[in-house]
Amino acid sequence: MEAITVSKDQLESYCNTFFHLWEKNYGEKNYEECRSLSNKFITELKPIYKNRLHGEGPDVSESYSFMYLFLVLAKGFENMIDLVELTKDKSWPDDHKKTEGIWQTLWDVKERLDIFTSHYLDQEILATLYDQLKELEHNFYDLYGKGVYMSSVILVKKAICTICGKNIKACMHIPGNLYDGHYCKEQVEDFEFHGADFVQSPHDMRCRVWPWNFIDEKHINVRIMNLNQLDDFINEL
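Residues numbered from 1 in each chain as written. Predicted model: local features only at pLDDT ≥ 70, side-chain atom pairs only at ≥ 80, totals over all residues. Heavy atoms only, no water.

**Thoughts on unusual backbone geometry**
Phase 1: Look at K29: it is not a glycine, yet its phi comes out positive at around 60°.
Phase 2: Tracing the backbone shows K29 in the loop between α1 (11–27) and α2 (31–50).
Phase 3: For K29, a relative accessible area of 60% translates into the label exposed.
Phase 4: Not every positive phi belongs to a glycine, and D180 is a case in point at roughly 55°.
Phase 5: Relative to the elements of secondary structure, D180 occurs in the loop between β2 (178–179) and β3 (182–183).
Phase 6: Classification of D180 as partly exposed rests on a relative accessible area of 28%. (Helix = DSSP H or I, 4+ residues; strand = E, 2+ residues; numbered from the N terminus. Buried < 20%, exposed > 50% of the residue type's maximum accessible area, 1.4 Å probe, protein only.)

So this is what it looks like as structure tokens:
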């Protein structure tokens, strides 16, 4: 068995120390230290979470949920530093690829922070980051308008619950809730793809249509859906 570097009793203190250290360094613009803190935190906690090194049972269920939320938060913090670096050069709107990358990362950060704040009681501590994300989002609207987005038209034939593996409509689990440290999601097993529509209020803001996506009047190169999950990094080696 792997050595447990953060015990169950140390977990809350370890997570809170990480948070306040990251917050302090971010306020002081020590961005490389922020990245280092996030990387170290994820490297330390991920194997404990993935391999259930704190054991199993109801007495540790809450610990795994707490661990999951802070792992997602730490990845969001890492993405926030990506945003800082990507927008450091104020000429970024002239670079189409970079512009799309910034937009993608903006929504990665927002959704990871939202997962954390939807389950963690103290939301005010992230207010500064939310304000900065909102300012960046509005910069995009000033530059490119509200925009239009692609929305996939899909007939879902079968979807299962990621917690119990049963039909998502027949089980007792609720998508978006945490169960023993696992985030409940609807996993599509069988579907029919019927096309994609232009919409103004998409399910996924990453699927924005940019002016430069048009190849000619009949062809467009654009994202129609996002297959990446915001916690995929936890299962990476």
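**A look at the pattern of salt bridges**
Phase 1: Enumeration over the complete set of coordinates arrives at eleven salt bridges.
Phase 2: Across the pair E28 and K24 runs a salt bridge, and its minimum N-O distance is 3.2 Å.
Phase 3: Since its relative accessible area comes to 43%, E28 is described here as partly exposed.
Phase 4: You can call K24 partly exposed: its relative accessible area is 48%.
Phase 5: The structure contains a network of salt bridges with shared partners spanning D108, E111, D204 and R206. (Salt bridge = Lys/Arg side-chain N within 4 Å of Asp/Glu carboxyl O.)

**Description of the side chain of N79**
Phase 1: Relative to the elements of secondary structure, N79 occurs in helix α3 (residues 58–86).
Phase 2: Here R112 takes part through its side chain, which lies 2.5 Å from a polar atom of the side chain of N79. (Polar contact = N/O pair within 3.5 Å; in protein donor to acceptor, adjacent residues only side chain to side chain.)

**So, the sheet that holds strand β4 (residues 186–199)**
Phase 1: Strand order in the open sheet formed by three strands is β4-β1-β5, with antiparallel pairing between adjacent strands. If you trace the sheet from one side to the other, it starts and ends with β4 and β5 (208–209), each paired once.
Phase 2: Summarising the sheet, strand β1 (residues 148–161) and β4 pair through twelve bridges and their orientation is antiparallel. By the bridge assignment, S152 is partnered in β4 with A196. (Pairing = 2+ DSSP bridges.)

**What about the packing of aromatic side chains?**
Phase 1: Evaluation of the coordinates by the stated rule reveals 23 aromatic pairs.
Phase 2: Both rings, one in F18 and one in F77, keep their centres 6.0 Å apart while their planes meet at 40°; by these two values the pair is tilted. A residue pair is termed long-range when its members are at least 10 positions apart, and F18 in helix α1 and F77 in helix α3 qualify at 59 residues. Like F18, the residue F77 is buried in the burial classification.
Phase 3: Ring centres 3.8 Å apart and planes at 10° place the aromatic pair W22 and F77 in the stacked group. Highlighted residues: W22 in helix α1 and F77 in helix α3, separated in sequence by 55 residues.
Phase 4: For W22, a relative accessible area of 2% translates into the label buried.
Phase 5: By the ring-pair criterion, three or more aromatic residues cluster together here, those being Y14, F18, F19, W22, Y26, Y31, F41, F66, F70, F77 and F116. (Phe/Tyr/Trp six-rings, centres within 6.5 Å; stacked < 30°, edge-to-face > 60°.)

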